[in-house]
Amino acid sequence: MAKIKRNNFLDTVDEVFTDATKQGILHLYADGDTFTGRKISISGNLLFHFGTTGYLGLEQDTRLKSAASDAIFKYGTQFPLSKTYISHPLYRILEDKVTKMYGHPIIITKNSTLGHMGVIPSAVADQDAIILDHQVHWSVQSAAKTLKTRSVPIEMIRHNHLNMLEDKIKKLSIKHKKIWYMADGLYSMYGDEAPISDLMELSNKYPQLHFYFDDVHGMSWIGKNGTGFVMSKLKELPEHILLFGTLSKTFGASGAVLVCSNKKMHHKIKTFGGPLTFSAQLEPASVAAAIASADIHLSDEIYLLQNELQQRIHHFNSLLEKAQLPLVEKNNSPVFYIGTGTPITGYNFVNRLLKEGFFVNLGIFPAVPIKNTGVRITISRHNENEEINALVQAMEYHYPKALADTYSSHSIVRKAFNLKTDNTKTKNENTDFGFSVQVENSIHKIDKKVWNSIFANKGVFDWDGLCFLEKTFSKNDKTEENWSFYYFIIRDQHDIPLLATFFTYSLWKDDMLAPQQVSEKIETIRLKDSYHMTSYVLSTGSLFTEGEHLYCNTSHPLWQNAMYQLFEEIEKLDNTLKSSMIVFRDFEVNEVLNEFFHNHGYFKISMPESCQLTNLKWKDTNSYIDTLSPKSRRHFKNDIGPFEQRFNIEILNTISGDQRELFYSLFENVRKNNLGLNIFSFPKKLFENMSCDKNWEFIVLSLKSEYSNRQLDIPVGVMFSYKNAGGTYVPSFVGMDYDYAFEHQVYRQLLFQTVKRAGELGFSTIDFGMTAGFEKRKIGATVTEKVAYIQAKDNFPFEQLEIMGSKG
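**Examining the confidence of the model for the protein chain**
Line of reasoning, step 1. Mean pLDDT over the protein chain: 92, with 96% of residues reaching 70 or higher.
Line of reasoning, step 2. Mean pLDDT values over the elements of the protein chain span from 62, in helix α10 (residues 275–278), up to 98, in helix α17 (residues 463–472).
Line of reasoning, step 3. In this model residues 425–430 is a low-confidence stretch, pLDDT under 50, and it forms 17 contacts with partners more than four residues away in sequence or in other chains.

Shown next, in the form of C-alpha cells:
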C-alpha cells in the first residue's frame with residue numbers, strides 16, 4: 001500500500017495567507033489615535049474605508065459608546081461567571097429587547113462561531129442528517145463536523161444547487177428523522193443570497209427538511225426591526241428554521257443571537273448548549289451597547305438608517321453599470337465583488353487602490369476558489385457619494401493597468417467567473433512576447449530529435465514512449481481509457497526551445513490522493529455509479545507517467561514570459577475542453593516556482609514521493625550490496641537475498657495471450673489494493689502493446705512449486721519496465737499475487753531484480769517513480785519530495801472530500 005503524505009488543508013491556507021501578507025494585503029495594523037469609520041489609517045496613510053462590515057455605522061453611534069462606557073464604570077470590564085450560574089443585570093434587558101425585535105424566543109451567544117458550536121450539536125439529533133451548502137460559513141461547517149463522532153451523516157451540495165439538494169433529501173429521507181440544510185442567508189464574499197422562497201417550497205414538499213441559516217451578513221441593514229435578510233423574506237419564522245443573527249458587525253456591538261420559534265427546542269438549547277454553558281458571557285460594555293442598538297432597531301429610526309444605506313448602494317450600483325468592471329454579482333446588498341481572477345492581479349489592483357487612498361479587501365482562497373480572487377468592496381453609511389465616485393474612477397483607471405501588469409485580460413477574468421464577455425481589451429489581450437509557439441495534438445507532429453533532446457531520459461515520455469501512450473489510450477470502449485494529448489514547445493528568437501511540455505486531458509477520480517478510508521467509502525458508491533465524483537482534468541504528463549513533465553530553462557532571462565505564454569495557451573485550450581481542473585505535476589519543492597504558480601491562480605498540494613537510483617555501476621550482487629548503507633545491507637541480508645532462490649526469474653520481451661490476462665489481473669491486484677493512489681484501471685490492450693514494443697520488457701517472478709504446494713511454478717510478481725532513449729530504466733508499474741506477496745517478500749524481490757536487470761543492461765539510472773519510498777530507499781534509491789500545482793474551477797470537490805475525511 002502506498003504511504004502518501006497527506007495534504008493538510010490548513011497548510012495550503014497558511015501558504016496562501018503568507019503570500020498575501022508578503023504582498024501587503026493581509027494581517028495589516030490600523031494606526032492613529034481615533035477612528036471614525038469613514039477613514040482608516042494604515043502605515044500613516046489615511047484611507048477611505050471600503051472594507052467594513054458595520055454597514056449602518058452604528059459602531060460609531062454616540063449612544064452605543066456612552067452605554068458601553070457607563071456599563072464599564074457600573075459593572076466592571078467583565079462579569080467573570082458562567083452564564084449558566086448567573087447573568088449580569090443587563091442581560092435580561094437585552095434578551096427582552098431582542099426577543100421583541102424578532103417576536104420569537106432567542107438565545108444570546110458570545111459570538112456566532114461559539115454559538116454554532118453550542119447550537120448545532122444540541123439541535124441535531126443522532127437520527128438526523130445534515131446537508132451543507134459548500135459556501136456556508138466555515139464556522140457552520142466546523143460545528144457540523146463534530147457530529148460525525150455521533151455518526152450523523154453530513155453531505156454537501158454545490159452552492160445554491162437546489163436540484164442537487166433535492167436529490168440528497170430523497171436519499172437521506174429514507175433513514176433519517178430530520179434533514180438539516182445549512183446555508184448563509186447572505187454570503188459574505190459575492191453578496192449573493194440564499195433562494196429563501198424556493199427553499200420554503202422545497203420544505204413544503206419534504207416535511208423532514210429543516211433549515212439552519214447563518215444570516216450575520218444580512219443583519220440590521222434590511223428587514224423589519226433590522227432582523228436581517230432571511231426575516232425580510234420569511235416575515236414570520238416557522239418552527240423548522242433556526243436562524244443566527246449577529247450583535248456585532250452591522251448591529252454595532254458584540255455577540256450573536258439564535259432565534260428559535262420552537263419552544264421545546266429553544267429550552268433544550270438554552271439549558272445546555274456546550275460553549276453556551278461553559279464559555280464566558282459577554283462583557284457588560286458589549287451588552288450595554290447592544291441594548292442601545294436594540295432600542296434603535298425597535299424604533300422607526302432603523303428604517304431611516306436602512307434607507308440612507310440603500311441610497312449609497314443604489315448610487316454605487318449606478319456607477320458600476322457604466323464602468324468596465326467585472327462585477328460578479330449584481331444585488332442590493334452592501335457587499336460587492338470585482339473579480340480579478342488570479343491572486344497576483346488582485347494584489348496589484350488592491351495595492352494600486354491603497355496608493356490612491358482607498359482601503360478595500362481582497363477575497364482569496366479558501367473563501368473563494370483561487371482562480372476567483374477578487375476585490376471585496378463594502379458600502380456603509382460612513383461613505384459619502386464623493387468618495388464613492390472617486391473609488392469607481394480609481395478602479396476604472398487602475399483595473400486595466402493591473403490586468404496588463406500581470407498578463408491578464410478582461411476576457412480571462414470574465415471567463416473565470418462565467419460572466420458575459422464584452423469587447424473590452426487590454427494591451428496584452430493577445431500577448432506577443434516574440435516567441436514562436438508550437439502546439440500539436442500528436443507526438444507524430446513533433447520532430448523526434450527535438451523532443452528527445454529535451455525528454456530522452458525522462459521516464460516514459462521520450463518520443464517513442466509517447467507514441468506508445470497515444471496508441472494505448474485511444475479508441476477504447478471506456479471513457480476513462482481515452483486520453484487527449486497536447487504538446488507545447490516555446491522557442492526564443494534564436495529558435496531554441498525555452499519551454500516544452502505535454503498535457504493530457506482525461507478523467508480522474510476526485511479522491512485520487514485522498515486518505516484511503518475516504519476512497520473506500522467512495523468506491524462502494526462507484527459499484528453502482530462508476531463515475532461518481534470524477535472529473536475531467538487537464539494535466540501535465542499523464543496518469544501513466546511520472547517525472548519532469550515541464551522543461552523550462554529558468555536560467556534564460558525570459559523564462560517567466562515563456563510561462564506566461566504557456567498559461568495563455570493553456571487558457572485557450574481549457575476554454576474549449578472545459579476541464580474542472582488544471583494540474584502542473586511533479587515538481588521538486590522550489591520557493592520561486594511556488595510563489596509564481598500561486599500568484600497565477602494555482603495552489604500547491606503534496607504528491608507521492610519520487611524515487612530514483614543514480615550512478616548505478618553494476619558488476620555483481622556483492623559489489624552492489626557494498627554501495628548500500630549498513631542498515632540497507634542488513635535489510636538485503638534478511639529480506640531480499642535469502643528469498644531470491646525461491647523464484648524462477650524471467651525477462652520477457654513478448655508475452656502470450658494467457659500471460660497478458662494473468663499479468664493484467666496481477667496489476668489490478670496492486671491497483672485495487674493501493675487506494676492511497678486511487679486511479680482508474682488501464683485498458684487491457686496495454687499489455688499487448690507492451691509486448692509488441694521493443695522498449696518494454698517484463699521481469700517475472702514465478703514462485704517455485706516447492707514453496708507453494710502446487711505442481712507448477714506460479715507467477716506471483718511482474719515488473720513492467722521501459723527503456724527510454726536517454727538510457728534510463730523505468731520500472732513503471734508492478735503486479736503481484738497477494739496470496740504470496742508478504743510471505744515471500746515478492747515486492748522487495750521485484751525491486752532488487754529491477755536493479756539487477758538495469759545494471760546488467762548497463763543503465764546507470766533507474767526511475768522508480770512514485771510511492772513506496774520507504775522500500776525503495778532500502779535498495780539505494782534517493783527519495784525526493786514532489787508537489788503539484790492545481791487550479792480548480794471551484795472548491796466543491798475539495799470541501800466535499802474534506803467533509804468525508806473528517807474523523808467520525
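**Some remarks on the pattern of salt bridges**
Line of reasoning, step 1. For the coordinates displayed, the defined rule picks out 34 salt bridges.
Line of reasoning, step 2. Between Lys-604 and Glu-15 there is a salt bridge, and its shortest N-O distance comes to 2.7 Å. In this pair, Lys-604 sits in strand β21 (residues 603–613) while Glu-15 sits in helix α1 (residues 9–22), placing the two residues 589 residues apart along the sequence.
Line of reasoning, step 3. Glu-15 gets classed as partly exposed once you look at its relative accessible area, which sits at 30%.

**A closer look at the sheet that holds strand β14 (residues 373–378)**
Line of reasoning, step 1. Read across the open sheet, the three strands follow the order β11-β14-β13; overall the sheet is antiparallel. At either end of the open sheet lies a strand with only one pairing partner, and these are β11 (335–341) and β13 (361–363). Adjacent strand axes in the sheet meet at a mean angle of 30 degrees when their direction is disregarded.
Line of reasoning, step 2. Bridging between β11 and β14 involves six bridges; their strand directions are antiparallel. Bridging from a neighbouring strand, Gly-341 pairs with Thr-373 of β14.
Line of reasoning, step 3. Contacting β11 and β14, helix α14 (residues 385–405) crosses the sheet at an angle of about 10 degrees to β11.

**Section: the packing of helix α18 (residues 516–526) against helix α27 (residues 796–805)**
Line of reasoning, step 1. Across the interface, α18 lies against α27 with an axial gap of 9 Å and an inter-helix angle of 105 degrees. Classed by the angle they form, the pair α18 and α27 counts as roughly perpendicular. Residues Val-518, Lys-521 and Ile-522 of α18 lie in contact with α27, whose contacting residues are Leu-801, Met-804 and Gly-805.
Line of reasoning, step 2. Grouping the amino acids of the contact of α18 with α27 by side-chain chemistry returns four nonpolar, one polar and one charged.

**Considerations on the packing of helix α2 (residues 62–75) against helix α11 (residues 284–297)**
Line of reasoning, step 1. Two elements in contact, α2 and α11, have axes whose closest approach is 7 Å; the angle formed by their N-to-C orientations is 145 degrees. Considering the relative orientation of α2 and α11, their crossing is right-handed. Along its contact with α2, which presents Arg-63, Leu-64, Ala-67, Ala-68, Ala-71, Ile-72 and Tyr-75, the element α11 presents Pro-284, Ala-285, Ala-288, Ala-289, Ala-292, Ser-293 and Ile-296.
Line of reasoning, step 2. Among the residues forming the contact of α2 with α11, the class breakdown is 12 nonpolar, one polar and one charged.

**Details of the nonpolar core**
Line of reasoning, step 1. In this structure, Ile-377, Met-395 and Phe-544 are the most contacted members of the largest nonpolar core, which totals 187 residues.
Line of reasoning, step 2. Residue contributions to this core peak at nine residues, all from α11.
Line of reasoning, step 3. The residues contacting Ile-377, other than those within four sequence positions of it, are Phe-50, Phe-316, Pro-334, Val-335, Phe-336, Ile-338, Val-360, Leu-391 and Met-395.
Line of reasoning, step 4. Residues Ile-640, Val-746, Ala-758 and Phe-763 belong to the second largest nonpolar core, which totals 37 residues.

**A few points about the sheet that holds strand β6 (residues 154–157)**
Line of reasoning, step 1. Strand order across the open sheet formed by seven strands is β4-β10-β9-β8-β7-β5-β6, with mixed pairing between neighbours. Because the sheet does not close on itself, it has two edges, and the strands there are β4 (106–109) and β6. When the angles between neighbouring strand axes are averaged without regard to direction, this sheet yields 20 degrees.
Line of reasoning, step 2. In this sheet, strand β8 (residues 209–214) lies alongside strand β7 (residues 179–184) in parallel orientation, the contact comprising six bridges. Looking across to β8, one finds that Tyr-181 is bridged to Phe-211.
Line of reasoning, step 3. Helix α7 (residues 196–205) rests against β7, β8 and β9 (241–246) of the sheet, and its axis sits at about 155 degrees to β8.
Line of reasoning, step 4. Strands in contact with helix α9 (residues 263–271) are β4, β7, β9 and β10 (256–260); relative to β4, the strand with the most contacts, it is inclined by about 25 degrees.

Definitions and limits used
- Residues numbered from 1 in each chain as written.
- Predicted model: local features only at pLDDT ≥ 70, side-chain atom pairs only at ≥ 80, totals over all residues.
- Heavy atoms only, no water.
- pLDDT = per-residue confidence, 0-100.
- Helix = DSSP H or I, 4+ residues; strand = E, 2+ residues; numbered from the N terminus.
- Contact = heavy atoms within 4.5 Å.
- Salt bridge = Lys/Arg side-chain N within 4 Å of Asp/Glu carboxyl O.
- Buried < 20%, exposed > 50% of the residue type's maximum accessible area, 1.4 Å probe, protein only.
- Pairing = 2+ DSSP bridges.
- Axes fitted to C-alpha atoms, helices over the stretch in contact; angles between N-to-C directions.
- Parallel < 35°, antiparallel > 145°, perpendicular 65-115°, else oblique.
- Nonpolar A, V, L, I, M, F, W, Y, C, P; charged D, E, K, R; others polar.
- Left-handed = near helix turned anticlockwise from the far one by under 90°.
- Core = buried A, V, L, I, M, F, W, Y, C linked by side-chain atoms within 4.5 Å.

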